[in-house]
Amino acid sequence: QLIHTLNYGDAISGEALTIKRLLSEQGIKNEIYGLQAHELLKGEMRPWSELSAQIAVEQGDTVVILHYSIGSPLNDLYRNLSGVKRILVYHNLTPAHWFANYNHRVCNDLKLGLEELPGLLACSERLVADSEFNKRELQQLGYEHAHVLPLVLDEQKWSIPENPGITRILSNTGGPNWLHVGRVAPNKCIEDIIKAFYFYCHKIQKKSRLWLVGHDIDTEIYSFELRRIVWYYHFKQNVNFMRSIANMKLKSFYSHCDLYVCMSEHEGFCVPLIEAMYFGLPVIAYSSSAIDQTVGEAGVLVENKQPHLIAELADLVVGDQGLRKDMVQRGNAQAQQFGLEPFREKLQLLWQ
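Residues numbered from 1 in each chain as written. Predicted model: local features only at pLDDT ≥ 70, side-chain atom pairs only at ≥ 80, totals over all residues. Heavy atoms only, no water.

Engineer: What should I look at first to understand the overall build of the protein chain in this one?
Structural biologist: Across its full length, the protein chain holds 14 helices and 13 strands. Relative to the globule expectation of 20 Å for 352 residues, the C-alpha radius of gyration of the protein chain, 21 Å, shows essentially globular dimensions. Along the first, second and third principal axes, the C-alpha set of the protein chain runs to 65 × 40 × 40 Å. Element-wise, carbon and sulfur atoms account for 51% of the exposed surface of the protein chain, whose accessible area totals about 15900 Å². One way to put it: in the protein chain the 34 positive side-chain charges average out to a point 6 Å from where the 40 negative ones average out. (Helix = DSSP H or I, 4+ residues; strand = E, 2+ residues; numbered from the N terminus. Rg over C-alpha atoms; globule rule 2.2 N^0.38 Å. Areas by Shrake-Rupley, 256 points an atom, 1.4 Å probe, with all protein chains shown as cover. Lys, Arg positive; Asp, Glu negative; His and termini not counted. Charge placed at Lys NZ, Arg CZ, Asp CG, Glu CD.)

Engineer: Would you mind going over the packing of helix α7 (residues 190–204) against helix α12 (residues 307–319) with me for this structure?
Structural biologist: Think of two packed helices as two axes; the pair is described by the angle between the axes and how far apart they sit. The geometry of α7 relative to α12 is characterised by a closest axis approach of 8 Å and an angle of 65° between their N-to-C directions. Between α7 and α12 the crossing geometry is right-handed. For the pair α7 and α12, contact is made by Lys195, Ala196, Phe199, Tyr200 and Ile204 and by Pro307, His308, Ile310, Ala311, Glu312, Ala314, Asp315 and Val318, respectively. The class makeup of the residues in the contact of α7 with α12 is nine nonpolar, one polar and three charged. (Axes fitted to C-alpha atoms, helices over the stretch in contact; angles between N-to-C directions. Left-handed = near helix turned anticlockwise from the far one by under 90°. Contact = heavy atoms within 4.5 Å. Nonpolar A, V, L, I, M, F, W, Y, C, P; charged D, E, K, R; others polar.)

Engineer: What am I meant to see in the state of the cysteines here?
Structural biologist: Defined simply, a disulfide is a covalent bond joining two cysteines at their sulfur atoms. For the structure on display, the rule yields zero disulfides. Of the cysteine sulfurs around Cys189, a residue in no disulfide, the closest is that of Cys262, at 9.0 Å. For Cys189, a relative accessible area of 2% gives the class buried. Unpaired in this structure, Cys201 has its nearest cysteine sulfur neighbour in Cys257, at a distance of 15 Å. A residue is classified by how much of its surface remains accessible, and Cys201, at 3% relative accessible area, is buried. (Disulfide = S-S within 2.5 Å. Buried < 20%, exposed > 50% of the residue type's maximum accessible area, 1.4 Å probe, protein only.)

Engineer: Which parts of the structure should I look at to understand the layout of surface pockets?
Structural biologist: Regions of empty space are outlined by a rolling probe, equal in size to a water molecule, passed over the atoms. Its boundaries defined by the atoms lining it, the second largest pocket holds a volume of some 540 Å³. Surrounding the second largest pocket, 19 residues form its lining, Lys29, Asn30, Asp61, Thr62 and Val63 being those nearest its centre. For the lining of the second largest pocket, the secondary-structure elements that each account for two or more residues are α2 (51–57) and β4 (63–68). (1 Å grid on protein atoms, 1.4 Å probe; cavity = no way out; pocket = protein on both sides within 12 Å on 5 of 7 lines; lining within 4 Å. Points joined across faces, edges and corners; volume = space filled by probe spheres on them.)

Engineer: Please clarify how the sheet that holds strand β11 (residues 259–262) should be interpreted in this entry.
Structural biologist: Within a beta sheet, neighbouring strands are joined by backbone hydrogen bonds and run either parallel or antiparallel to one another. A sheet is described by the order of its strands in space; here six strands give the open sequence β10-β9-β8-β11-β12-β13, paired in parallel fashion. Where the open sheet ends on each side, the last strands, each with one partner, are β10 (239–243) and β13 (300–302). With strand direction ignored, the average angle separating the axes of adjacent strands in the sheet is 20°. Bridging between strand β8 (residues 177–181) and strand β9 (residues 209–213) involves five bridges; their strand directions are parallel. Bridging across to β9, Trp178 finds its partner in Leu210. (Pairing = 2+ DSSP bridges.)

Engineer: What exactly am I supposed to notice about the pairing of strand β12 (residues 283–286) here?
Structural biologist: Within a regular strand, side chains alternate between the sheet's two faces. Judged by which residues are buried, β12 turns out to be covered on both faces: Val283 and Ala285 on one side and Ile284 and Tyr286 on the other are all buried. Taken together, the three bridges between β11 and β12 define a ladder with parallel strand orientation. Looking at β12, one finds that Cys262 is bridged to Ala285. Remark: the β11/helix α10 (residues 271–278)/β12 crossover connection has right-handed handedness. In terms of strand pairing, β12 meets β13 through three bridges, oriented parallel. Looking at β13, one finds that Ile284 is bridged to Val300. (Right-handed = clockwise from strand over helix to strand, strands pointing away.)

Engineer: Can you help me understand helix α1 (residues 11–25) in this one?
Structural biologist: Side chains of residues three or four places apart in an α-helix project in the same direction, reflecting 3.6 residues per turn. Over its 15 residues, α1 extends 21 Å from the first C-alpha to the last, a length consistent with the 21 Å expected when each residue adds 1.5 Å. Two or three places before Ile12, at the opening of α1, Asp10 has a side-chain oxygen 3.3 Å from that residue's backbone nitrogen. Once α1 finishes, Gly27 follows within two positions and takes phi at roughly 80°, a positive value. (Expected span 1.5 Å × (residues − 1). Polar contact = N/O pair within 3.5 Å; in protein donor to acceptor, adjacent residues only side chain to side chain.)

Engineer: Help me out: how do you make sense of the packing of aromatic side chains in this one?
Structural biologist: Pairs of aromatic rings are described using the distance from one ring centre to the other and the angle between the two planes. Under the defined criterion, the tally for this structure stands at 15 aromatic pairs. Centroid distance Phe269 to Phe338: 5.3 Å. Interplanar angle 85°. Geometry classified as edge-to-face. One end of the pair, Phe269, is in the loop between β11 and α10; the other, Phe338, is in the loop between α13 (321–336) and α14 (340–349), with 69 residues separating them in the sequence. Above the face of the Phe241 ring, Arg227 is positioned so that its terminal group lies 4.2 Å from the ring centre. The aromatic ring of Tyr286 is capped on one face by Lys305, whose charged end is 4.5 Å from the ring centroid. (Phe/Tyr/Trp six-rings, centres within 6.5 Å; stacked < 30°, edge-to-face > 60°. Lys NZ or Arg CZ within 6 Å of the ring centre and 35° of its normal.)

Here it is as structure tokens:
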């Protein structure tokens, strides 16, 4: 597998690691190659420069899977490979305009990724999209026969204890806890969550807390803007920026918060929505991109971001026990559709 960056907690990286484990369980020799890896994952990845030499000495059929989401030197490597079966997994390209005011390098990489995509699709023996939304984008480019392999909810990842310190903090905040998990990126419109939470905190539940979990690497300017909003409205003590955290801590957040809120305007899938529902966390999400398909009928999808309306809706979801119970049941059923066994079955179809 080829992946630009193997990151801790990243959905694409999680899928690559799950594929690696499943193939190894079947006795299939496989490796992940990339440009860089998180400190905790360096043992899971080999330098991308070693791939060509490794292919040259392998005996038997070789399959190379490119996880595609940005312009990268891996694209040239993938395009120029010979004697292998190439599979491109399309994870979507975030429109570059979202990063134009925050990081020109990322913006240019996304533009390059869009330019390189048609050539990479043409040289691939099989195309895979991780959502129906992403499949439609490939169809718009003239590729009708992409397979859909949804991102996976790997239950084994969560067979760990919670972090007792985080659990204790969440249990003693004195009010409801809102949660959002994911990279601090402008397309995720986290400012809309903060504005809605402002109304909720000041007008409905003064002891409530908002937890924003995710790294801001390459988006530091956007992250600063978010913190400035919190400072301007004088509720810093109620909003917590957590950056990336270990799975034990994240499990505590999923298990002990009261509501998951997503106001993103562009997602190719959005795994945290599935994880939240898996842990019994009701979801309110903005209806955009692939979010409708990921949430299905399990959460509340909104088309209006007016902060006071989101705040009132949050109060209803948190306080109405009958509604909450129904959302938890629907969410758990929706999450199971993306579990490890369905993923394993769909993965097998790639080799046929």
